[in-house]
Amino acid sequence: MGGLRKRDWWMVFLFVLPVVVILLAISIFPMVYSFYLSLCKWDIGMGGQRTFIGAGNYLRLFSDARFFNSLKNTGRVLLFGVGTQFALGLSLALLLNRSFRGRSLVVTLFLLPMMISPVVVGCIWKIIYHYQYGPLNYLLNLLGIRSVNWLGSGSISPYSIVLADIWEWTPFMVITLLAGLQAIPDDLYEAARVDGANRWQIFSGVVFPLLRPVVIIAILIRVMDAFKIFDLVVLLTMGGPGQASESVAFYNYLTGFKYFSMGYASAMSYVQLAVIVAIANVFLRSFKGRAVV
Amino acid sequence: MRRRDGVTVAVFVGIFVLLAVALAPFAWNVLTSFKDKGEYFTYPPVFVPSSFGLEHYVRGLHLGGAKGIKDSFIIASLTTLLAIALGSLAAYSLSRFRIGGDNFAFWILSVRMMPPIASVLPLFLFFRFLRWLDTYQALIFTYALVNIPFAVWMMKGFFDELPVELEEAALIDGCGRLGAFVRVALPLVAPGLVATALFCFMFSWNEFLFALILGRSRVVPITVNIAGLIGGHEILWAEISAVSIVASVPIIVLAILLQRYLVRGLTLGAVKG
Amino acid sequence: MRKFLLFLFAFVLLASVAYASPVKLVVVGDAGHNLKPFEWYAKDLKEKFDVELEVIGVPFGELYEKEKVELIAGTGAFDIMIVFPKFLAEFAANGWLYPLDEFVAKLDPKLDDVTPGYRDFYCKYGGKLYALPYDGDVLSLYYRKDLLENEEERKAFKEKYGYDLKVPETWDEYLDVAEFFTRKAGEKLAGEVLQRDFYGTAYYGQKDQIFAWWGNIFASLGGVYFDEETMEPAINSEAGVKALEIMKEIHKYCPPDVLAYGYEELKDVFLNGDCFMVIQWPCVGKKGADPAQSKIVGKIGVSHVPGVKKDGEIYYRAMMPCGRVLAIAAQSKDPWKAYQVIHYLSVVTSLDDVSTPETGLDPYRYSHFAHPEAYEMFANVEDAKIYLAGVQKNMEKGYPEMVLPGTVEYEETLGVALTKALTGELDPKSALDEAAQAWRDILERFGKEQQKALYQELVKGWKAVGLW
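Keep in mind that what you see is a predicted model, and the values were worked out from it rather than measured.

Procedures and definitions
- Residues numbered from 1 in each chain as written.
- Chains lettered and ligands numbered in written order.
- Predicted model: local features only at pLDDT ≥ 70, side-chain atom pairs only at ≥ 80, totals over all residues.
- Helix = DSSP H or I, 4+ residues; strand = E, 2+ residues; numbered from the N terminus.
- Rg over C-alpha atoms; globule rule 2.2 N^0.38 Å.
- Buried ≥ 20, exposed ≤ 12 C-beta atoms within 10 Å, placed from the backbone.
- Pairing = 2+ DSSP bridges.
- Axes fitted to C-alpha atoms, helices over the stretch in contact; angles between N-to-C directions.
- Contact = placed C-beta atoms within 7 Å.
- Parallel < 35°, antiparallel > 145°, perpendicular 65-115°, else oblique.
- Left-handed = near helix turned anticlockwise from the far one by under 90°.
- Nonpolar A, V, L, I, M, F, W, Y, C, P; charged D, E, K, R; others polar.
- Domains from an automatic or database assignment.
- Core = buried A, V, L, I, M, F, W, Y, C linked by C-beta atoms within 7 Å.
- pLDDT = per-residue confidence, 0-100.

Chemist: Kindly report on the overall build of chain C, identifying the contributing residues and their values.
Modeler: When helices and strands are counted, chain C shows 21 helices and 17 strands. In terms of C-alpha radius of gyration, chain C reaches 24 Å, essentially the compact-globule figure of 23 Å for 468 residues. Along the first, second and third principal axes, the C-alpha atoms of chain C reach 105 × 50 × 35 Å. Counting the 468 residues in chain C, one finds 54% classified as buried.

Okay, here's the thing in structure tokens:
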């Protein structure tokens, strides 16, 4: 890699400065304010008095069974949801990484689930998942399979949400990985083939190593976003039955905007932040991808 | 030769099946947009609506759908441009010069990690102070908080993928850093740029919570409008479907226009010369 | 001197302009058909009160938070607010609402005409009037009167249970009827073979309002929310546990996905003809008369929710979840004009508004119930009469949600506990004990003394009406 020449500094500086300025300007107040709130007791329901209580909210979080339940549910989405999205997305991207007539159309069609507003995705799947009147159970019945209690069973409803999430976000993986595959020069494939490598060897030896930076980013972004899963939970199950499918973001929203315990909600947000930062850190460190070749 | 054909067929079948699965719910959405009351939840499920009239589309757009699409379009376009322009510049520096090391890059990403719920009230107060409540700029900059780090990291990934040799060659040819960036690096990551732009646009288009709280009456993005169709005692399913379909048209058009850059031919690698 | 005259002239000009231009008031409410009256009468309101309205619709599920965020920040963006009564206490306690008593003397809102539930529980706080009713939600019992009158079914019922099939008036009868009418596909119903399973009943299973369905039973057994002296939660009392046990019994005769049921599902299962009876909001009766939405037009009977037989009389209480009232923001630019507007809607035009199919507003005045002919959605006046008579019975014995700050949290934690008992995760007593503990925690956080004072105010009002 080229070293940094003196006269490059202006360019580097100018390139990075705007980003820093904007991000700082907008994020600094929310970060500071919400951190301060997390150290306060502020239940706006009654007269709105804010009292400083130090780590009280955090202590309360650690004995909050409902919070850990929501963490568990969210973890399920991360594991099964993002995992499946990646596997499916990679397979599809590989399938689409060849020239054929109508490929543009097909790629656009695959993008569709992502283009619809999450609110609407929730509405559609709510209709599809309806036990009595939904098309999914109807088709299952035609195949001789008993109706599934998609949304009314505590053990199934979390997975119904995961399924809808997979449907909605696999396109992200497909497009990102496809764009990454596109950047791999053709000659490398040729060279490998000339050397007698078979399909799998080409993939593991040439394609995957080059694709790694993009894979890491794609999974990282999805993990970060899946952690915030909210719209689907609200529209499909409202976290129900009971608390069976409550996600962290959903519980956080309830606490902050329905119960209006702003202090507690802020503390919950900071704990979430810590968890995501930890996950991202671990992820980035163990899969340290560098530009190869 | 024959084996090749077998694989190709399998590939196409695979694509077809996955496409069918991916599109089935979407097809259901389209069907729903034509259904009348009493056809949404009934047995057997209505696969073919009784009429294919466009009254739900008209009604949905009339109930604020048109304004919603306009507002969302303005906000999403501007915030995407902002994110792409600033983000790819920063990403290039991060990728090539490792500015600030990993920590700086991570800080940028971490801005996006903050759960939105914690930021809603502070941002509301912040924009109120700036007298920016119920304006486009409030949402444009709020989404920038999410889009810029996203753009930076996505583009960094794509830049990382590029072998440095190409730019070195350009530099040796007397190009200058900026020239290397503009004439060599950028065109090569064009698919990534397009993908990132699309995602930024989609995210901003589909965001709900900030759109709800920071808007009021002058700025009512499409997501808030659609949510408004979910009434307490009356859910306008057909209008929801209709408006969502109309709302996805701009994005579809955008995607089609950008197809050229998103999915390039495999002759790409020959640039090496 | 000239300067002074110039100034005076400018002042008079400006003043006349300001005087001439109508006052602009901002109305906020849940988006959709319930805001239509504000549009319909825009011209009338302009002529009569010189007022222009800007109507802002907010998604129903987020109305509370939107109003709250703006109120907390004190933006003064809203003048007239549609409020769900359960939040009235909270908004009033924080001083965000304008007390209306001073206006009542000038312009009478005819509160005596309002049924006790709404009049006393949903418009007042701490003895003061803060809102006028707009939409009267109450739970009623809807049943298939055609199946009830069917000879075959009547015979079979009499054989099995020993008494004539009738509209259930007690919870025991409710269970008998529900059990009787729960049939699998292939069995017969009213002489026809069923293609699909038929259920005795169903209820609202989502945790935000499931408490109301338990509440009907709980209240009829004499249950109270808290002990008013000690503020000990009384939801896990004998009445509470018994109510939950009855609910578990009811659960057996409901569709398998009933715990996911919200408003839509509950309405659909009944109007599609897949269950015998439901306890539901008033709109089901209205929608049931619309052939486009209902497969059982003309077959719907309406009655009071079941209760408990006490001293020869049926003691029942109907919960009133949701509902809407019109309130005025404390920061409003012109409270008097705002009051005139809400008065117009709540008194003058209210009959038109609740009897038209164009809105989802439901009756809440005695005068509303006295004019069945006004209800356009019913094919004939007879159907309207049946509907109104049934709903009125419930309105007269309306049992309020607990209107305190923190209501949502109380209701939801109770809902979670109820769900745990219904799925079998916990037995009823443990589930309610868990809820009671959660309630104790909420109480502590909100300040026991403050909550107690407010609660005692509520109880005073309830006792004055003979509610308990």
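Having seen the structure, we can now continue with the description.
Chemist: Tell me what's going on with the sheet that holds strand S11 (residues 275–280) of chain C, and back it up with residues and numbers.
Modeler: Residue and element names in this part refer to chain C. Strand order in the open sheet formed by 4 strands is S10-S11-S7-S12, with mixed pairing between adjacent strands. The sheet is open, and its two borders are formed by strand S10 (199–202) and strand S12 (300–303), each paired with just one other strand. The average undirected angle you get between the axes of adjacent strands in this sheet is 20 degrees. Along the sheet, helix H13 (residues 263–271) makes contact with strand S7 (140–144), S10 and S11, crossing S11 at roughly 145 degrees.

Chemist: Explain the packing of helix H11 (residues 248–258) of chain A against helix H12 (residues 262–286) of chain A to me, using residue names and the numbers behind them.
Modeler: All names here are of chain A. Between H11 and H12, whose axes approach to 8 Å, the crossing angle comes to 160 degrees. Judged by the inter-axis angle, H11 sits roughly antiparallel to H12. You can see that H11 and H12 cross each other, and the crossing is left-handed. Together, Val 248, Asn 252, Thr 255 and Gly 256 of H11 and Met 262, Tyr 264, Ala 265, Met 268, Ser 269 and Gln 272 of H12 make up the contact between the two elements. In terms of residue class, the contact of H11 with H12 is made up of 5 nonpolar, 5 polar and no charged.

Chemist: Quick one: what's the story with the environment of Tyr203(C), residue by residue and with numbers?
Modeler: Residue and element names in this part refer to chain C. Along the chain, Tyr 203 falls in the loop between S10 and helix H11 (210–220). Spatially, the C-alpha atoms of Tyr 203 and Gln 280 are 8.0 Å apart, while their sequence positions differ by 77 residues. In contact with Tyr 203, not counting residues within four places along its chain, are Trp 213, Ile 250, Cys 254, Val 258, Tyr 261 and Ile 279.

Chemist: Please provide a residue-by-residue account of the domain arrangement of chain A, values included.
Modeler: For chain A, the assigned domains read domain 1 (1–27) and domain 2 (56–286). Once you take the C-alpha centre of each, domain 1 of chain A and domain 2 of chain A turn out to be 33 Å apart.

Chemist: Hey, could you go over the environment of Leu186(B) for me, with residue numbers and the actual values?
Modeler: As for its placement among the helices and strands, Leu186(B) is situated in helix H7 (residues 177–188). Each C-alpha atom of the pair Leu186(B) and Leu63(B) lies 43 Å from the other, and the pair is 123 residues apart in sequence.

Chemist: Could you give me a rundown of the interface of chain C and chain B, with the residues and numbers involved?
Modeler: Contact residues are listed per partner, giving 28 residues for chain C and 24 residues for chain B. For the side of chain C that touches chain B, the elements supplying multiple residues, two or more each, are strand S2 (51–58), helix H4 (63–73) and H13 of chain C. A per-class count over the side of chain C that touches chain B returns 13 nonpolar, 8 polar and 7 charged.

Chemist: Before we move on, could you go through the packing of helix H3 (residues 65–96) of chain A against helix H7 (residues 157–182) of chain A and cite the residues and values that matter?
Modeler: To describe two helices that pack against each other, one gives the angle between their axes and the distance between the axes. Residues and elements named next belong to chain A. Where H3 contacts H7, the axes come no closer than 6 Å and their chain directions differ by 40 degrees. The orientation of H3 with respect to H7, classified from their angle, is oblique. For the pair H3 and H7, the sense of crossing is right-handed. Along the lines of polarity and charge, the residues of the contact of H3 with H7 split into 18 nonpolar, 6 polar and 2 charged.

Chemist: Lay out the pairing of strand S16 (residues 324–328) of chain C in plain terms, naming residues and giving numbers.
Modeler: All names here are of chain C. Within S16, 5 of the 5 residues are buried, which leaves the element mostly enclosed by the surrounding structure. Because side chains alternate across S16, one face comprises the buried residues Arg 324, Leu 326 and Ile 328, and the other comprises Val 325 and Ala 327, equally buried. Relative to S16, strand S3 (residues 80–83) runs antiparallel, the two sharing 4 bridges. Its bridge partner being in S16, Ile 82 is matched across the sheet by Leu 326.

Chemist: Tell me about the nonpolar core, and name the residues and values.
Modeler: Counting residues in each nonpolar core, the largest one holds 332 residues, and the members touching the most others are Leu88(C) and Ala327(C). Considering each element in turn, this core owes the most residues, 17 residues, to helix H5 (residues 136–161) of chain B. Both domains that meet at this core, namely domain 1 (1–27) and domain 2 (56–286) of chain A, each give it at least three residues. Contacts of Leu88(C), omitting those with residues within four sequence positions, involve Val83(C), Tyr122(C), Tyr125(C), Tyr130(C), Ala131(C), Val325(C), Ala327(C) and Val403(C).

Chemist: Account for the confidence of the model for chain A, with residues named and values stated.
Modeler: When pLDDT is averaged along chain A, the result is 86, and 94% of the positions lie at 70 or above. In this model residues 289–293 of chain A is a low-confidence stretch, pLDDT under 50, and it forms 12 contacts with partners more than four residues away in sequence or in other chains.

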